[in-house]
Amino acid sequence: VRMDDEAPAGDEGIHDIELFERLAGNLIKRDEKQVEAFDYLRRAFVLRKNVFGYDSAQAVESYENLCTMGNSIAMKFLSEGHFENCAKILKACESLSEPYGGIGLDSLRLKMRAITMNNLGCYYKKKGKPRVALQYLDEALKIEVTTPGSDNPTVVHMNIASILSQLGRHKT
């Protein structure tokens, strides 16, 4: 098994993808080593992208699963007070949602970016940095209101209102 991001050719690449996904699945099922599980999924995504193509259905599905799982794991870490692991995974998801950071399908990339920005806002709020949190939440809201397929503007609005209230700037 190769541990770098270069895709082995043909069947070996597909075998490595399946192995990484199986390893991640086993860790997730046992609720163990979630950062390692995320890294296995990231490696499987990179291999899928390289083996099947940047915008292939396989790469797009893997990207969505990776970002969704990453955000879910990160928020679990946040709720448990594991801030370092939370930040590590959210920053990886943020990087994946940059233009050309993951896939070229902008609607999905932006949807994943909005979710990640909202979660980074929650992270910084919990860390006691409401102004930084607002910056991430403002970006999430801009994406949510301008991107078809985004479905969380209400959640982002509630998070913004919570922080504005905390700062004494909430309008009644």
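Residues numbered from 1 in each chain as written. Predicted model: local features only at pLDDT ≥ 70, side-chain atom pairs only at ≥ 80, totals over all residues. Heavy atoms only, no water.

Visitor: Can you help me understand the overall build of the protein in this one?
Guide: Per the secondary structure count, the protein includes seven helices and zero strands. Relative to its length of 172 residues, the protein is compact, with a C-alpha radius of gyration of 17 Å against a globular reference of 16 Å. Dimensions of the protein along its principal axes, counting C-alpha atoms only, are 60 × 35 × 20 Å. Here the protein holds 172 residues, and the buried ones make up 42% of them. The long-range fraction of contacts in the protein, counting pairs at least 24 apart against all pairs at least 6 apart in sequence, stands at 58%. Accessible area of the protein: about 9100 Å², with a carbon and sulfur share of 51%. (Helix = DSSP H or I, 4+ residues; strand = E, 2+ residues; numbered from the N terminus. Rg over C-alpha atoms; globule rule 2.2 N^0.38 Å. Buried < 20%, exposed > 50% of the residue type's maximum accessible area, 1.4 Å probe, protein only. Contact = heavy atoms within 4.5 Å. Areas by Shrake-Rupley, 256 points an atom, 1.4 Å probe, with all protein chains shown as cover.)

Visitor: What's the story with the packing of helix α5 (residues 106-126) against helix α7 (residues 153-166) in this structure? I'm lost.
Guide: Axis angle and axis distance: for two packed helices, these are the angle between their axes and the distance between the axes, and together they describe the pair. Where α5 contacts α7, the axes come no closer than 10 Å and their chain directions differ by 25 degrees. With respect to each other, α5 and α7 are oriented roughly parallel. Our pair here, α5 against α7, has a crossing hand that is left-handed. Contacts between α5 and α7 involve N118, C122 and K125 on the former and, on the latter, V155, V156, N159, S162, I163 and Q166. (Axes fitted to C-alpha atoms, helices over the stretch in contact; angles between N-to-C directions. Parallel < 35°, antiparallel > 145°, perpendicular 65-115°, else oblique. Left-handed = near helix turned anticlockwise from the far one by under 90°.)

Visitor: I tried to follow the side chain of N71 on my own but got confused; where do I start?
Guide: Following the sequence through the fold, N71 ends up in helix α3 (residues 57-80). Owing to a relative accessible area of 4%, N71 belongs among the buried residues under this scheme. Within the structure, N71 has its side chain in polar contact with the side chain of T116 (distance 3.0 Å). Beyond its immediate sequence surroundings of up to four residues, N71 is in contact with L90, C93, I115, T116 and N119. (Polar contact = N/O pair within 3.5 Å; in protein donor to acceptor, adjacent residues only side chain to side chain.)

Visitor: Explain the packing of aromatic side chains here, please?
Guide: Two descriptors summarise a pair of aromatic rings, namely the distance from one centre to the other and the angle between the planes of the rings. One pass over the structure, following the stated rule, counts five aromatic pairs. With a centroid separation of 6.4 Å and 65 degrees between ring planes, the pair formed by F83 and Y123 is classed as edge-to-face. With F83 in helix α4 (residues 83-96) and Y123 in helix α5, this pair connects stretches of sequence that are 40 residues apart. Judged by its relative accessible area of 9%, Y123 falls in the buried class. Where Y123 meets Y124, the ring centres are 4.9 Å apart and the plane angle is 80 degrees; that geometry is what we call edge-to-face. When its relative accessible area of 15% is taken as the criterion, Y124 is described as buried. (Phe/Tyr/Trp six-rings, centres within 6.5 Å; stacked < 30°, edge-to-face > 60°.)

Visitor: I'm lost on the state of the cysteines in this one. Help?
Guide: Put plainly, two cysteines are in a disulfide when a covalent bond ties their sulfur atoms together. One pass over the full model with this rule turns up zero disulfides. Here C93 stays unpaired: no disulfide links it, and the sulfur of C67, its closest cysteine neighbor, is 5.2 Å away. C122 takes part in no disulfide bond, and the closest cysteine sulfur, belonging to C86, lies 9.2 Å away. (Disulfide = S-S within 2.5 Å.)

Visitor: Explain the nonpolar core to me, please; I cannot follow it from the model alone.
Guide: In summary, soluble globular proteins display a tendency toward joint burial of nonpolar side chains. Core analysis: the biggest nonpolar cluster contains 44 residues, and F45, Y63, C86, I89, L96, Y123 and I160 have the highest contact counts within it. Residue assignment for this core shows that the elements contributing at least two residues are α1 (10-29), α2 (34-52), α3, α4, α5, α6 (130-146) and α7. Ignoring anything within four residues of it in the chain, the contact list for C86 reads A74, F77, L78 and Y123. (Core = buried A, V, L, I, M, F, W, Y, C linked by side-chain atoms within 4.5 Å.)

Visitor: Explain α3 here, please?
Guide: In an α-helix there are 3.6 residues to a turn, and that puts residues three or four apart on one side. Helix length check: α3 (24 residues) gives 35 Å between terminal C-alpha atoms against 34 Å at 1.5 Å per residue, within 8%. Of all the positions in α3, only A59, V60, S62, Y63, L66, C67, G70, N71, I73, A74, F77 and L78 are classed as buried. Following α3 by one or two positions, G81 adopts a phi angle in the positive range, close to 80 degrees. (Expected span 1.5 Å × (residues − 1).)

Visitor: Before we go on, may I ask you to explain the confidence of the model for the protein in this structure?
Guide: As a note on interpretation, predicted positions should not be read in detail where pLDDT is low. With 92% of its residues at a pLDDT of at least 70, the protein reaches an overall mean of 88. Here α1 stands out as the least confident element of the protein, with mean pLDDT 86; α4 is the most confident, with 96. A low-confidence stretch, residues 1-5 stays under pLDDT 50, and its non-local contacts, those more than four residues away or across chains, total 15 contacts. (pLDDT = per-residue confidence, 0-100.)

Visitor: Is there a simple way to think about α2 in this case?
Guide: Here α2 contains 19 residues, and its C-alpha end-to-end distance of 26 Å stays within 8% of the 27 Å for a straight helix at 1.5 Å per residue. Where α2 ends, the next residue or the one after it, G53, has phi of about 120 degrees, a positive value.

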